[in-house]
Amino acid sequence: MALDTAASPHSASPVTHELRGKVLLVTVDNPPVNALGVDVRRGLAAAIEHAEADAAVQAVLIVGAGRNFIAGADIREFGKPPQSPALPDVCNRIEASHKPVIAAIHGAALGGGLEIALASHYRLAVAGAKLGLPEVQLGLLPGAGGTQRAPRLIGAEAALSLMLSGKHIGAQEALKLGLVDRVGSSDDVLAEGLAYAQELLAAHAPVRRTRDAQGLAERAAAQAAIDAARADTTKKSRGLFSPLKIVDCVQAALDQSFEEGQRTERKLFVECLDSPQRAGLVHAFFAEREVQKTPEAKTAKPRAIETVGVVGGGTMGAGIAVAVLDAGLPVTMIERDDASLARGRAHVEKVYDGLIAKGRMTPEAKAAILARLSGSTSYDALAQVDLVIEAVFEEMGVKQAVFAELDRVCKSGAVLATNTSYLDIDAIANSVKRPQDVIGLHFFSPANIMKLLEVVVPKQVSADVVATAFELAKKLRKVPVRAGVCDGFIGNRVLAVYRTAADHLMEDGASPYQIDKAVREFGYPMGPYQVVDLAGGDIGWATRKRRAATRDPKARYVQIADRLCERGWFGQKTGRGFYLYPDGARVGTPDPEVEAIVRTERERAGIEPRSFTSEQIMRRYMAAMINEGANVVHEKIALRPLDVDVTFLYGYGFPRHRGGPMHYADTVGLANVLADIREFAKEDPLFWKPSPLLVELVERGANFASLNQPL
Ligand code: 3H9
């Protein structure tokens, strides 16, 4: 097979080779992660050609330079015109080699990287290696022979599990599965690889092609695994395109010749590549990394955080304490009295007891973690901590009183953070003598689980405090998004608007159940009224009552939720809310009495109900979300549209394959979104005011993506 191996002009190849005894050592050096861009593909193919042609070479060893073997195809090339050689051809070229090819793996061997290893004849991994076929997380399937070689090598069940979950596995597990032949005894991948190659040569080990492996020989077992995976995937994949295609490919591996199977894989890979889901998921992948690069994180050095204080042991405070404890840091919890402190500690313990009950933690591990949790009813216990996170009652006076105490006791340079969801953090900062140290760290409930952390940046905060917050997020394994100060910051501000749009739809004729269904069909795990029932209707009710005085009297106000709350129907915890939860059920059933209340409210408001399709519901729901998202960018509350996207992906259940609301808006076309908003505005111009940014972008023929430039 002749492959295009010409290196790009003017560039040194990222793949070098040198003879080490009888072994051609081929090194892939393409920072940051040795992705398989066109020059790497050319370099690998050229190295194999060289090995075949050079009589001095008896075996080939492929290694990666830096921290990884190869992290996969170059994701940035997707959607661009393909350049040869294609990765499947490079893999086939490696496999066809007449001289043994050995892959020595350290760090990531993911996607196309693992496919290179699968096409090699022998595989070794060292401790710390991460092997996987995570293409599904990008809306793809392993497209360089992975769907055909992996089942042949390790059997259909294990291969399907790897490809459908996208999980990374370690060296030992890979050995157990038969994905690698050996685990090195040291972590010196080069020495281990060379020693293995020499051993194989000494033993006259033959070329051994994965395409000929017998992992599918037990046909009935393989078919049963495929059928089970298909049934499970159909149930769970919630509108995702690529998982079932992966199953189809494995079926092809069972039914077809290797060449035919590869053709099937190629066809289905291209379908995935062309799908909008792939574009959405790749956008999410890069956006998640881009949000970390704030101006402050780039320029300022974070302060050291060795110890953390948490004020408040309620649900939020305890969840935050768990998140910090899980990151390996000690926590001092402050509560107003011993009983509250005991409750806070009990909240923390409950999380770990849950893990023990599920067999995911030992009592000893829990004891070791809790040894890092101390508590006090005196703020003086916070005198030496590096960072304090306040999570007390959501009221300015209460917060300011806490900050006055922190100002009094905390050492100079301590970071003082508030977990407020919407209060004016500038006002909190201005109430202390060190506003430069005050920042918002808005966690989402449950704080030890939810990935999003809004880092809310008040006017006077110093850059190193912002950098510290981003560093802390990394330690806590959260995805931080930089937000400016306003009512609700990015997430809750936008949420308030699309929730209102949903309420309008409900009063205008859609039932809450129909709205939830439409939202779920769009890809959310739950609809907005299910979320209300889960979180507790009383929370939103309290906020609405608080805001009643400042609400624009001309703005439309839907009272349905208030009617439910007045009856004490707060959702799951009271057994009924928008739904009924008989006998502690966790999934609600529609409630005819709620529907009657909705009807009465429509009559009271003088509204003649209309019917809405799911599509009409989602157009309004999304238009409201996108429009407020645009306002948030316009007012520089969010740095870029992608920051809004990440907020909704990680904090609000937005379906990842749609990339986030702003990416989604681009796929719909901003002109279409604006046209919808103008149409809706004919009924309610106060609510449907087009965002100036949306109008400007449409006038310029631009999209949100054009604003997603690196900072
Ligand atoms: C595939 O292989 C398809 C094939 O089956 C078929 C083809 C025909 N490409 O995450 P990090 C960048 S699909 C381009 O912060 P870490 C990343 O954007 C692929 N760029 O580091 C970042 O750039 P920047 C299957 C990539 O140490 C920088 O590298 N493979 C790629 O926390 C550092 O990344 C995957 O899905 C890439 N493939 O984690 C693996 N990967 O500095 C995806 C990373 O400008 N990658 N970058 O922000 C990962 O899971 C993690 O990056 C990894 C390192 C675990 C490797």
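Here the structure is a predicted model, which is why all the values come from computation and not from measurement. (Residues numbered from 1 in each chain as written. Predicted model: local features only at pLDDT ≥ 70, side-chain atom pairs only at ≥ 80, totals over all residues. Heavy atoms only, no water.)

Here Asp 533 lies in helix α21 (residues 528-535). Buried charge without a partner: Asp 533 forms no salt bridge, and the closest opposite charge is Arg 576, 9.1 Å away. At 2.9 Å, the side chain of Asp 533 forms a polar contact with the backbone nitrogen of Phe 578. Within the local environment of Asp 533, its side chain forms a polar contact with the backbone nitrogen of Tyr 579, the two atoms lying 2.9 Å apart. If sequence neighbours within four positions are ignored, Asp 533 has contacts with Phe 570, Gly 571, Gln 572, Gly 577, Phe 578, Tyr 579 and Tyr 581. (Helix = DSSP H or I, 4+ residues; strand = E, 2+ residues; numbered from the N terminus. Buried < 20%, exposed > 50% of the residue type's maximum accessible area, 1.4 Å probe, protein only. Lys, Arg positive; Asp, Glu negative; His and termini not counted. Salt bridge = Lys/Arg side-chain N within 4 Å of Asp/Glu carboxyl O. Polar contact = N/O pair within 3.5 Å; in protein donor to acceptor, adjacent residues only side chain to side chain. Contact = heavy atoms within 4.5 Å.)

The strand order across the open sheet built from 6 strands is β1-β2-β3-β4-β6-β9, with neighbouring strands paired in mixed fashion. Edge positions in the sheet fall to β1 (15-20) and β9 (182-183), since each has one partner strand and no second. Across 4 bridges, strand β4 (residues 101-105) lies against strand β6 (residues 122-125) in parallel orientation. The residue bridging Ile 105 from the neighbouring strand is Ala 125, located in β6. (Pairing = 2+ DSSP bridges.)

This part is about unusual backbone geometry. Omega for the peptide link from Pro 31 to Pro 32 comes to 0°, which places this bond in the cis form. Checked against the element boundaries, Pro 32 lands in the loop between β2 (23-28) and α1 (38-53). Within the chain, His 204 stands out as a residue other than glycine whose phi angle is a positive 55°. Along the chain, His 204 turns up in the loop between α7 (189-202) and α8 (219-236). When its relative accessible area of 70% is taken as the criterion, His 204 is described as exposed.

The next point concerns the site of the ligand. With respect to spatial proximity, 29 residues lie near the ligand, and among them Gly 112, Glu 115, Glu 135, Arg 289 and Lys 293 are the closest. Ala 73 places a main-chain nitrogen or oxygen 2.8 Å from a nitrogen atom of the ligand. A distance of 2.8 Å separates an oxygen atom of the ligand from a polar backbone atom of Gly 112. At the level of secondary structure, the elements contributing two or more residues to the shell around the ligand comprise β5 (108-110), α3 (112-119) and α11 (276-290). Of all the elements, α11 adds the most residues to the shell around the ligand, at 3 residues. Across the shell around the ligand, the residue classes tally to 17 nonpolar, 4 polar and 8 charged. (Near = heavy atom within 4 Å. Nonpolar A, V, L, I, M, F, W, Y, C, P; charged D, E, K, R; others polar.)

What follows deals with the packing of aromatic side chains. Aromatic rings considered in pairs are described by the distance between their centres and by the relative angle of their planes. By the definition in use, this model includes 15 aromatic pairs. Ring centres of Tyr 529 and Phe 578 lie 4.6 Å apart, and the angle between their planes is 50°; on these two criteria the pair is classed as tilted. Of this pair, Tyr 529 sits in helix α21 while Phe 578 sits in the loop between α23 (560-566) and β18 (579-580), and the two are 49 residues apart along the sequence. Just as Tyr 529 is buried, Phe 578 falls in that class too. Look at Phe 687 and Trp 688: their rings are 5.0 Å apart centre to centre, the planes differ by 90°, and that puts the pair in the edge-to-face class. Taken together, Phe 444, Tyr 498, Tyr 621, Phe 648 and Tyr 652 form an aromatic cluster joined through their ring pairs. Over the aromatic face of Trp 541 sits the side chain of Lys 545, whose NZ or CZ is 3.6 Å from the ring centroid. Positioned over the ring face of Phe 522 is Arg 658, at 3.9 Å from the centre of the ring. (Phe/Tyr/Trp six-rings, centres within 6.5 Å; stacked < 30°, edge-to-face > 60°. Lys NZ or Arg CZ within 6 Å of the ring centre and 35° of its normal.)

Another point: the side chain of His 121. Within the secondary structure, His 121 is located in the loop between α3 and β6. Here Glu 95 takes part through its backbone oxygen, which lies 2.9 Å from a polar atom of the side chain of His 121.

Before going further, it helps to examine the environment of Asp 503. Along the chain, the position of Asp 503 falls in helix α19 (residues 491-508). Along the backbone, Asp 503 and Ile 515 are 12 residues apart, and their C-alpha atoms lie at a distance of 9.5 Å. The residues contacting Asp 503, other than those within four sequence positions of it, are Tyr 529 and Val 558.

Two numbers describe how helix α25 (residues 614-634) lies on helix α27 (residues 661-668): the axes approach to 9 Å, and their chain directions differ by 115°. By the angle class used here, α25 and α27 are roughly perpendicular. The handedness of the crossing between α25 and α27 is left-handed. Of the residues in α27, those in contact with Met 622, Met 625, Ile 626, Gly 629 and Ala 630 of α25 are Pro 661, Met 662, Tyr 664 and Ala 665. Looking at the contact of α25 with α27, its residues break down into 8 nonpolar, 1 polar and no charged. (Axes fitted to C-alpha atoms, helices over the stretch in contact; angles between N-to-C directions. Parallel < 35°, antiparallel > 145°, perpendicular 65-115°, else oblique. Left-handed = near helix turned anticlockwise from the far one by under 90°.)

Quick look at the state of the cysteines now. Enumeration according to the criterion identifies 0 disulfides in this entry. Free of any disulfide, Cys 249 has its nearest neighbouring cysteine sulfur in Cys 272, separated by 7.7 Å. (Disulfide = S-S within 2.5 Å.)

Glancing now at helix α22 (residues 537-547). Regarding α22, the residues found buried are Gly 537, Trp 541 and Thr 543. Summarising the axial view, the buried residues of α22 lie within an arc of 165°, below the 170-degree limit, and thus occupy one face. Structurally, α22 contributes buried residues whose contacts are with α21 and α23. (Arc of directions from axis to C-beta.)

Before going further, it helps to examine the pattern of salt bridges. A full pass over the atoms with the stated rule returns 52 salt bridges. Across the pair Arg 656 and Glu 288 runs a salt bridge, and its minimum N-O distance is 3.5 Å. Placement of Arg 656 in the loop between α26 (641-651) and α27 and of Glu 288 in helix α11 is noted, with a sequence separation of 368 residues between them. Taking relative accessible area as the criterion, Glu 288 reaches 19% and is therefore assigned buried. Residues Arg 640 and Asp 643 are paired through a salt bridge, measuring 2.9 Å at the closest nitrogen-oxygen approach. The class of Asp 643 is buried, set by a relative accessible area of 0%. Salt bridges sharing partners connect three or more residues here, namely Glu 507, Asp 508, Arg 556, Arg 610, Arg 620 and Glu 683.

By the alternation rule, side chains of strand β10 (residues 308-311) split into Val 308 and Val 310 and Gly 309 and Val 311, which are all buried. Where β10 and strand β13 (residues 387-390) come together, 4 bridges link them in parallel fashion. From the neighbouring strand, Gly 309 faces β13, where its bridge partner is Val 388. Bridge count between β10 and strand β11 (residues 331-334): 4 bridges; the pairing is parallel. The partner of Val 310 across the bridge, within β11, is Met 333. Taken together, β10, helix α13 (residues 315-326) and β11 form a β-α-β motif whose crossover is right-handed. (Right-handed = clockwise from strand over helix to strand, strands pointing away.)

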